[in-house]
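Here is what each chain is made of, one letter per residue.
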Amino acid sequence: MSSSAQSLGPRVQPRRRLSQPEMSADALRTAIEEPSATHLRVANPVILEAQDLYKSYKRGKNTVPVLKGCNFSATSGQITAILGQSGSGKSTLLHLLGTLDAPDQGEIYYDGQRIDNLPRRKRDSFRNSQLGMIFQFYHLLPELSALQNVLMPLMIQNGPLSFLRSRTELKRQATELLTRVGLDHRLHHKPRELSGGEMQRAAIARALVASPQLLLADEPTGNLDRQTGKQILDVLYELNREDGLTIVMVTHDEQIAAQSDHVIRLADGHIEF
Amino acid sequence: MYRWLLCWRYLRTRYIALASVVSVTLGVATLIIVNSVMDGFTTEMQDRMHGILSDIIIESYSANGLPNHESFQERIRQSVGEDLLGVTTVVHVPAMVTINHRGEPITKQLNLIGIDKETYSQVSDFSKYLLHPENREKLTFLLKEGGYAPDRQNFPAAGWEYRRRVAAMKKRNFELQQQFEIERRRNEELRKQISGVGTSPSETNHTIAPPSSGSVVATDGTLVKEPEHGFQFPDFPMGGTGQHVPPVEFSNNNSVQPAEALAGPAFDLIPSRDEDFAEQFDAAKDQHEGIILGISVGSQRGRNLHGEVEDYFYVQPGDDVMLTFPTAGEHPKALNAHFTVVDFYESGMSDYDSTFAFVPIESLQRYRGMIDPASGLSSVTSIQLKLHAGADLNLVRDMLRAQFPMELGVEVNSWRDLQGVLLAAVQMETTILNILLFLIIAVAGFGILATFFMIVVEKTKDIGILKSLGASSVGVASVFLGYGVLLGAFGAGVGAVAGLAFVANINMIADCLEAVTGQEVFDPTVYYFDRIPTIVHPMMVVWVIIGAMLIAVLASVLPSIRAARMHPVEALRYE
Ligand SMILES: Nc1ncnc2c1ncn2[C@@H]1O[C@H](COP(=O)(O)OP(=O)(O)O)[C@@H](O)[C@H]1O
Ligand SMILES: [Mg+2]
């Protein structure tokens, strides 16, 4: 992986359950030696932070302001819920946090480093290895099997040669993760042969296969019945509990929000506490 | 890695995209076929022309030719030097040939060429195209006993054997004629004795008609048409026998006719008209000066009742023909001379086969008065050179042009210059076909463009997903670009294989088409090749494939750029 991703790498070593992404000796040394990093960890375990975000969409001549000076922070190893009515800009905020879109104004920090103005390439590799994202509509690639979908971030990360070389290992890793989310019996099924819950499980496995610290979830249960939704949430809670995965979850469901460590309410483009 | 996987998957799951490359396939196949056939044709034609024409031709404007060709030759030898492989001198003159076919004269226009039998074959493939195997080895202008065209089916009997048979029949006919004449006179005498009121001569004729009339031979047009006898000789079944049979002619007038002054006064040595010669000339033993006719001069290619291609010969080796050509000098006169056909010349180029006739250069020079009586030096109308294989024709030609400017009354050309128009026409045809076919592939390119745009739109969500997973814009673009390359490669590959397979079996396919449709695809009466000639230049195939793939790739560039530009959020927001 590129050095930029490593420099962005977490200085906090959470409890991890799977094979660790091998940190280069260099990156480790930086993590230990850099005093500010140590300081950050002790004083402020905030892993993701946004300050004064503005975002508006242009529709024809008039602009639609969605976020009007929004502040946000997510603490490492905890679940942060973003609650808000439909159309309040939750997804927009999440996309900004996930560097899928750029804010008109404001700054976003991941692990103390500004990420919203990074060059495109670095943002791409940040999304690839530091961040996992899941969506209401699962967004699996329809031509690929569950296993191939899960392998996708690894294929993007590795060139064809290095992927083929470490193929067995990577496949094992993906299979393990699929087993963990309870989809070991559907490895070679195409998305259209899976139920909603199963698709979301595959999406979770895909989001986590590159061993990110942070999971952004946009209404992960929004399209599921209550029972299945609860199962999905249980998977997420377990990942948080066991691996210390930081989760930022968008929802419009008060009940779900109530189970989170922090709740942020979004209304009229502002954060309400 | 994901690029390959997705490319492959998109290809596997969207067979409809293959439909968009069908036209690429067809275009590539047609291009390969057309180019191979055209190349085959051109090469075949060039080879033949080159073989016929020798490398460089130094031609005199004047019909009288170059009187001092020896010095010309010497200077050429000096300046061309090493590269020179052979030199020959040629006299050519427009002429008319008269072939007597079943008593009817057939006249044809000819390009009469006097050649040196020793050196002419050194500068061109001339002897290769002769029908008699011995003439191919060593050319003589003497009639052979037989054995003409051993590799040709249905070639009629030819040679001395044939000539003797014809002569014998003619002799017999002549004797019958004489007998008949005596008979007639006796009748007349008888009538006079009976004093006038007897039977009419025609009735008498019937009574004394030759007993074996079936074998009686019509010889001369004049004889057959002789009206006063009132009887017609049946046609001689073997074809053209019309020739000069002096005794018949003379005996008709019952006295020896003086030789007509057909030629100028200087040419009273024409053998066939020579009095003494005429008496000595025995068609069964003697031949006139030999002539080699282009095969289409003496034959007609057509179809028989069964639709098979067949050559019908008006004249064969062993027959005599009469040539009419101008003499040299300030006031050219038409001159008649008899020649005996000793062989045919078949180059496969209908232009040449239907107009060329070759005679020994010395006799043509003699007939035309091109030999200076005082010095004994002869003139020629052109000097032909053969160069070594590696020699630069144009270089040598330009050098000779500088040495022999137009003012000298000569023109220096290479064989390419002489056939430039034809070659250029074929070349242009090939170019135009190539452009047209590439346009077809370009049209196919627009089909690919449209299909790809649709696929990109359809794959909007996938593009968003890939980007959210960290794929770069370039990576996403390359998925679609790779898709285009794969499709193009597939289309072009299949097209190339199909085209090459077609070319390899083109004659079989032509035969099959012929069998199915009953329509001749490749008509040998038109082309003079019995097989369709093809040449596959590997580079041509490579270029066609590269061109087609380039078009496919270019067509997928725009959709790929669109895919790369797509905003991930737009792509992801909605289901
Ligand atoms: N591309 C866009 N153009 C114009 N308006 C948009 C666009 N995307 C989102 N919006 C508007 O922004 C607002 C916030 O959208 P979103 O962030 O999806 O809300 P939520 O996820 O909270 O339902 C909505 O009113 C939506 O109509
Ligand atoms: Mg939303």
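Residues numbered from 1 in each chain as written. Chains lettered and ligands numbered in written order. Predicted model: local features only at pLDDT ≥ 70, side-chain atom pairs only at ≥ 80, totals over all residues. Heavy atoms only, no water.

### What to know about the interface of chain A and chain B
Size of an interface, as often reported, equals the accessible area lost when the parts are brought together. As a reminder of what qualifies: Any two residues whose heavy atoms approach within 4.5 Å at even a single point are treated as in contact. As a working definition, buried area equals the accessible area (1.4 Å probe) given up by two parts on being put together, with both sides summed. Salt bridge criterion: a side-chain nitrogen from Lys or Arg within 4 Å of a carboxyl oxygen from Asp or Glu. Whenever a nitrogen or oxygen atom comes within 3.5 Å of another N or O atom, the pair is scored as a polar contact, on the condition that within protein one atom can donate a hydrogen and the other can accept it, and that pairs from neighbouring residues in sequence are kept only if both atoms are in side chains. The secondary structure listing takes helices from DSSP runs of H or I that are at least 4 residues long and strands from runs of E that are at least 2 residues long, numbered from the N terminus. Amino acid classes used here: Ala, Val, Leu, Ile, Met, Phe, Trp, Tyr, Cys and Pro are nonpolar; Asp, Glu, Lys and Arg are charged; the rest, including Gly, are polar.
At the junction of the two partners, chain A supplies 32 residues and chain B supplies 29 residues. Between chain A and chain B, roughly 2,600 Å² of surface is buried when both sides are summed, and carbon and sulfur atoms account for 64% of that area. The three residues of chain A that bury the most area against chain B are A:His139, A:Glu143 and A:Ile156, which together make up 25% of that side's buried surface. For the interface between chain A and chain B, the tally reads 1 salt bridge. Between A:Glu143 and B:Lys459 there is a salt bridge, with the nearest N and O atoms lying 2.9 Å from each other. In this structure, the connection of chain A to chain B is made through 7 residue pairs in polar contact (both at pLDDT 80 or more). Elements supplying a minimum of two residues to the side of chain A that touches chain B: α4 (90–97), α5 (120–129), α6 (146–157) and α7 (160–165) of chain A. Taken together, the residues of the side of chain A that touches chain B break down into 16 nonpolar, 8 polar and 8 charged.

### A closer look at the confidence of the model for chain B
Residues and elements named next belong to chain B. Put simply, the rule reads: The quantity called pLDDT is the predictor's confidence in a given residue, expressed from 0 to 100.
Scored by pLDDT, chain B comes out at a mean of 79, with 83% of its residues at no less than 70. The weakest mean pLDDT in chain B belongs to helix α9 (residues 246–252) at 37; the strongest belongs to strand β9 (residues 356–360) at 92. A low-confidence stretch, residues 202–274 (pLDDT under 50), is modelled with 120 contacts involving residues beyond four sequence positions or located in other chains. Predicted complex, confidence summary: ipTM 0.83, pTM 0.66.

### Considering the environment of B:Arg14
When you line up the elements, B:Arg14 lands in the loop between α1 (2–13) and α2 (16–53). For B:Arg14, the residues in contact, after removing those within four places along its chain, are A:Glu143, B:Ile455, B:Glu458, B:Lys459 and B:Tyr483.

### Considering the site of ligand 1
Applicable threshold: Summary of the distance rule: residues count as near a molecule or strand when at least one heavy atom falls within 4 Å of that molecule or strand. Note that accessible areas follow from Shrake-Rupley with a 1.4 Å probe, and for residues the cover is restricted to the protein chains shown.
A:Gly87, A:Lys90, A:Ser91, A:Thr92 and B:Arg573 are the nearest of the 13 residues found near ligand 1. Residues close to ligand 1 are split across chains A and B. Note that an oxygen atom of ligand 1 is positioned 2.7 Å from one of the backbone N or O atoms of A:Gly87. Protein burial of ligand 1: of its 560 Å² of free accessible surface, 78% is covered by the chains. Elements with a contribution of two residues or more to the shell around ligand 1: β1 (46–59) and α4 of chain A together with α22 (568–573) of chain B. When residues of the shell around ligand 1 are assigned to their parent elements, the largest contribution, 3 residues, is made by α4(A). Its residues assigned to classes, the shell around ligand 1 shows 2 nonpolar, 7 polar and 4 charged.

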